[in-house]
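Secondary and tertiary structure notes
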Amino acid sequence: MRIMQKQGQIAAFMIVAVVLIVLLALIIYIAGVTQTEQGQAQTAERNIESSMTSLNEYVTGCLRKSAETGLLMIGAQGGYVYPEVPPGYIEYADARIHYGYLLGYNTVPSREDVAKYQLGRYILETVPDCTGEFTQFSHLGQIATKEAETQININDNNIVINMRYPITISTPYHTSTVSDFSMMLPVRLGHMIDIEDEISARTVLNPNWIELTWLDSLDVKATGTPLAENKVLYSLTDLQSKINGVPYVYQFAMLLSNNSAPEMLPIRDMTVRAGETKTFTVAGVDFANQEIKYRIESAIAVIDEKTGIITIKPGADDIGTYLTVVHARNAAGLETTQLFFIEVTR
């Protein structure tokens, strides 16, 4: 009997021992898995954090590229990236150079408008195109972005650009976000806008006189070139402001009298289906407030001569591409034209 009791005790001890060994093995395994996961998480965190510096540099490079391109366009077109009527512009040397003086009025854009509606808008439109879908960073994890916004200050001696563009990289172990990008460009755009404003103010007082002595006294190279009897092109070259090593140039135009044709914004090419009716309005303005009459040369479109509303109504047999010419004439008989193509499809 005692032998059987001892055998039962031994069996119980063995069972307990086996259970303890299994539990110990399980604990060691769980600890190993935990350490492995912690190691993977730490490695992923280090990889992402180190790559965030590269991501920051990459986005900042796109921001710089967009800002510098936008500034060159602003300099070439009198403070504008996007053509606007009014104040209107002249087309010269492949640029639409806006008026800073228009028939007795100062039409120089403000620093705030140039910063927000020209440079800021251009940056917001072009930076996402530059960054694309961040394919070179896709190996780090899932990448998500939010809408960007900018805060730009055009100062006398520089331009400060701050862009908030939240970019998040996520893995099963870690999430990192970079949001704020900033830079300072040593371009004296504010100073040049002030010079344009002063030239315009002086022209308001005396439209028929270019003060060459005063222009020569400026700390930028300033020239005024008559383009026609009633138009002057001003150019400011600043040796203290450079983009890619080249001195920054800011130019603008002045319309001195009302002896000029109406202005029209460019008309984009368009596609219309046969049997479809499409209408739009031509954006025309006469700076002397003279009445504008419109006419159109087209086989498939008509225009209201007073309102400038164009109606396109191609038939089933009108499949093809049509060159269309719109004319705008004022009471003085001066005329401007815009050409565009209409493609008719089935």
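Note that the structure is a prediction, hence the values are computed from the model and not measured.

Topic: the sheet that holds strand β17 (residues 309-312)
Two strands in a sheet stick together by hydrogen bonds in their backbones, pointing the same way (parallel) or opposite ways (antiparallel). Read from one edge of the open sheet, three strands run β13-β17-β16, paired in antiparallel fashion. Single-partner strands in this sheet number two, and they are β13 (278-281) and β16 (301-303). Across this sheet, the average inter-strand angle for adjacent strands is 20°, counted without regard to direction. Sheet topology places β16 next to β17; three bridges connect them, and they run antiparallel. Opposite Ala 301, over in β17, you have Ile 312 as the bridge partner.

Re the state of the cysteines
Applying the stated rule across the entire model yields one disulfide. Note that Cys 62 is cross-linked by a disulfide to Cys 130, the S-S spacing being 2.1 Å. Disulfide Cys 62 to Cys 130: torsion about the S-S bond roughly -70°, handedness left-handed. With Cys 62 in helix α1 (residues 2-76) and Cys 130 in helix α2 (residues 111-131), this pair connects stretches of sequence that are 68 residues apart. Among the residues examined, Cys 130 registers a relative accessible area of 29% and is labelled partly exposed.

Quick notes on the pairing of strand β2 (residues 95-102)
Across the eight residues that make up β2, a large majority, seven, are buried. Relative to β2, strand β1 (residues 89-92) runs antiparallel, the two sharing four bridges. Looking across to β2, one finds that Ile 90 is bridged to Ile 97. Relative to strand β3 (residues 105-106), β2 is paired through two bridges, and the arrangement is antiparallel. Considered in β3, the bridge of Leu 102 is made with Tyr 105. Turn length for the β2-β3 hairpin, with the two strands adjacent in sequence and antiparallel, is two residues, and the turn residue Leu 103 shows positive phi of about 50°.

A few points about the environment of Ile 159
Here Ile 159 is to be found in strand β6 (residues 159-170). The spacing of Ile 159 and Met 183 is 24 residues in sequence and 8.3 Å in space, taken between C-alpha atoms. Non-local contacts of Ile 159, meaning those with residues more than four positions away in its chain, are made with Leu 71, Leu 119, Ile 152, Asn 153, Ile 154, Met 183, Met 184, Leu 185, Val 187 and Leu 189.

Comments concerning empty space enclosed by the protein
To find the voids left in a structure, one rolls a probe of water-molecule size over its atoms. Applying the stated criterion to the full structure yields one cavity of 30 Å³ or more. By volume, the largest cavity is sized at about 80 Å³. Lining the largest cavity we find Ile 199, Arg 202, Thr 203, Trp 209, Ile 210, Glu 211, Trp 214, Leu 215 and Tyr 234. Those elements giving two or more residues to the lining of the largest cavity turn out to be α3 (189-205) and α4 (212-216).

Criteria and thresholds
Residues numbered from 1 in each chain as written. Predicted model: local features only at pLDDT ≥ 70, side-chain atom pairs only at ≥ 80, totals over all residues. Heavy atoms only, no water. Pairing = 2+ DSSP bridges. Helix = DSSP H or I, 4+ residues; strand = E, 2+ residues; numbered from the N terminus. Axes fitted to C-alpha atoms, helices over the stretch in contact; angles between N-to-C directions. Disulfide = S-S within 2.5 Å. Buried < 20%, exposed > 50% of the residue type's maximum accessible area, 1.4 Å probe, protein only. Contact = heavy atoms within 4.5 Å. 1 Å grid on protein atoms, 1.4 Å probe; cavity = no way out; pocket = protein on both sides within 12 Å on 5 of 7 lines; lining within 4 Å. Points joined across faces, edges and corners; volume = space filled by probe spheres on them.

Remember that the coordinates give geometry; whether it matters functionally is a separate question.
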